[in-house]
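Working through the structure, step by step
So you can see what is in the structure, the chains are spelled out below.
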Amino acid sequence: MVNKTARQRGFTVIKNLTGHGVGHEEPEYIFNFFSRWDDELLKNGMVLASVPFISIFEEEMYQSNDGWRFLTNESVVAQFEHTINEGRPDYYDIARGPTEVKTMDSDRHREWRNVR
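Being a predicted model, the structure only gives us computed values, none of them experimental.

1. Observations concerning the pairing of strand 8 (residues 82-85)
Because side chains alternate across strand 8, one face comprises the buried residues T83 and N85, and the other comprises H82 and I84, none of which is buried. Pairing of strand 3 (residues 47-50) with strand 8 involves four bridges; the strand directions are antiparallel. Opposite A49, over in strand 8, you have T83 as the bridge partner.

Structural data, given as structure tokens:
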């Protein structure tokens with residue numbers, strides 16, 4: 001769904017960086033695009049980090065010589081990380097604690113935009 005949404009808006013997804021399970025738990029990789037060989041099943045109670053990297057046109061990044069930064073040859077890339085507790089009707093916002101999804105109203109979105 002992430003890849004489809006990005007493409008519909010004229011962007012690409014960085015394919016060599018993925019989401020993951022939190023705390024060294026399964027799954028090791030959560031792809032932001034469809035892959036036929038991805039047969040991972042989500043299980044109730046998994047805590048996941050959804051980490052889409054959206055680019056203006058490139059699909060891969062490489063690690064810089066300093067071992068910290070990830071770069072592209074020419075693209076600008078935006079990244080967002082969201083933690084999800086699979087099988088629960090809420091999500092966990094690391095900065096603010098558990099919040100019901102239903103409470104994500106326009107005031108909450110405005111608050112988030114102001115934090116950035």
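2. As for the packing of aromatic side chains
Considering all chains together, one arrives at three aromatic pairs under this definition. Between Y29 and F31, the ring centres sit 6.3 Å apart and the planes meet at 20°, which makes this aromatic pair stacked. Summarising the aromatic geometry, the rings of F31 and W37 are spaced 5.4 Å apart at their centres and angled 75° between planes, so their arrangement reads as edge-to-face. When its relative accessible area of 18% is taken as the criterion, F31 is described as buried. Site record: aromatic cluster; members linked through ring pairs are Y29, F31, F33 and W37. Lying over the aromatic face of F33, K15 brings its terminal NZ or CZ to 5.2 Å of the ring centre.

Definitions and cut-offs
- Residues numbered from 1 in each chain as written.
- Predicted model: local features only at pLDDT ≥ 70, side-chain atom pairs only at ≥ 80, totals over all residues.
- Heavy atoms only, no water.
- Buried < 20%, exposed > 50% of the residue type's maximum accessible area, 1.4 Å probe, protein only.
- Helix = DSSP H or I, 4+ residues; strand = E, 2+ residues; numbered from the N terminus.
- Pairing = 2+ DSSP bridges.
- Phe/Tyr/Trp six-rings, centres within 6.5 Å; stacked < 30°, edge-to-face > 60°.
- Lys NZ or Arg CZ within 6 Å of the ring centre and 35° of its normal.

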